[in-house]
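Topology and contacts: notes
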Amino acid sequence: VQLVESGGGLVQAGGSLRLACTASGLTWNWYVMGWFRQAPGEEREFVAGINYTGGREDYADSVKGRFTISRAVNRVHLQMNNLKSEDTAVYYCAVDRNWASVSTTPSDYEYWGQGTQVTVSS
């Protein structure tokens, strides 16, 4: 199983970025896809997740109203608007084989991408 993220970069506060992640090697599509982030010296934290139908989404309180997750089968996007300096982190895509509910716990996710750096300058 391989997850490949793209779309990170450097942006000014108030700007936007769109992250993408493609999953390969999975023989079924009934899994949750999520985004997590980790800043230096901090624990990895949940950002957003979406179930296999796209009918259930969940967001961290800190990004609600600014970030939007979307999915097309094995590809997930994270549209990030009105970025703030506190959004600076390495962003990771992850897969949870649970097919229904969106977990916010990193240990529930079995597969992870390599991460993409997002830096927001103030």
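The structure we're discussing is the one just above.
Residues numbered from 1 in each chain as written. Predicted model: local features only at pLDDT ≥ 70, side-chain atom pairs only at ≥ 80, totals over all residues. Heavy atoms only, no water.

**Here's the deal with the side chain of Arg66**
Relative to the helices and strands, Arg66 resides in the loop between strand E6 (57-59) and strand E7 (67-72). Within polar-contact distance, the side chain of Arg66 engages the backbone oxygen of Asn82 at 3.0 Å. With residues up to four places along the chain from it excluded, the contact list for Arg66 reads Gln79, Met80, Asn81, Asn82, Leu83, Lys84 and Asp87. (Helix = DSSP H or I, 4+ residues; strand = E, 2+ residues; numbered from the N terminus. Polar contact = N/O pair within 3.5 Å; in protein donor to acceptor, adjacent residues only side chain to side chain. Contact = heavy atoms within 4.5 Å.)

**Overview of the pairing of strand E11 (residues 116-121)**
Covered by surrounding structure in E11 are Thr116, Val118 and Val120 only, the residues Gln117, Thr119 and Ser121 on the alternate face being uncovered. Two strands pair when backbone bridges link them, and strand E2 (residues 9-12) and E11 are joined in this way by four bridges, in the parallel orientation. Note on E11: the bridge partner recorded for Val11 is Val120. Relative to E11, strand E9 (residues 89-96) runs antiparallel, the two being bridged by three bridges. The residue of E11 that forms the bridge with Ala89 is Val118. (Buried < 20%, exposed > 50% of the residue type's maximum accessible area, 1.4 Å probe, protein only. Pairing = 2+ DSSP bridges.)

**Quick word on the state of the cysteines**
All chains considered together, the criterion is met by one disulfide. Sulfur-sulfur distance for the disulfide between Cys21 and Cys93 comes to 2.1 Å. Because the sign of the S-S torsion sets the handedness, a value of about -80 degrees for the bond joining Cys21 and Cys93 places this disulfide among the left-handed ones. Here the residue Cys21 occupies a position in strand E3 (residues 17-24), and Cys93 occupies one in strand E9, the gap between them amounting to 72 residues. Owing to a relative accessible area of 0%, Cys93 belongs among the buried residues under this scheme. (Disulfide = S-S within 2.5 Å.)

**Considerations on the nonpolar core**
The biggest cluster of nonpolar side chains holds 28 residues, and the ones touching the most others in it are Met33, Trp35, Leu78, Met80 and Tyr91. Those elements that provide at least two residues to this core are E3, strand E4 (32-38), strand E5 (45-50), E7, strand E8 (75-80), E9 and E11. Of all hydrophobic cores here, the second largest spans six residues; its members include Val32, Phe46, Ala94 and Val102. (Core = buried A, V, L, I, M, F, W, Y, C linked by side-chain atoms within 4.5 Å.)

**Considerations on unusual backbone geometry**
Here Val73, not a glycine, exhibits a phi torsion of approximately 60 degrees, which is positive. With respect to the helices and strands, the residue Val73 is situated in the loop between E7 and E8. Non-glycine residue Asn82 carries a positive phi angle of around 50 degrees. When you line up the elements, Asn82 lands in the loop between E8 and E9.

**Some thoughts on the environment of Val1**
Along the chain, Val1 turns up in the segment before strand E1 (2-6). Each C-alpha atom, one on Val1 and one on Ala23, is 7.2 Å from the other, the two residues being 22 residues apart in sequence. With near-sequence residues (within four places) excluded, Val1 lies in contact with Ser24, Gly25, Leu26 and Tyr111.

**Structural notes on the sheet that holds E7**
Neighbouring strands of a sheet are bound in pairs by backbone hydrogen bonds; such pairs are parallel or else antiparallel. Pairing within the open sheet is antiparallel, and its four strands lie in the order E1-E3-E8-E7. Where the open sheet ends on each side, the last strands, each with one partner, are E1 and E7. The mean angle between the axes of side-by-side strands here comes to 15 degrees, regardless of whether they run parallel or antiparallel. Where E1 lies against E3, five bridges are found, and the strand directions are antiparallel. In the strand pairing of E3, Glu5 is matched with Cys21. (Axes fitted to C-alpha atoms, helices over the stretch in contact; angles between N-to-C directions.)

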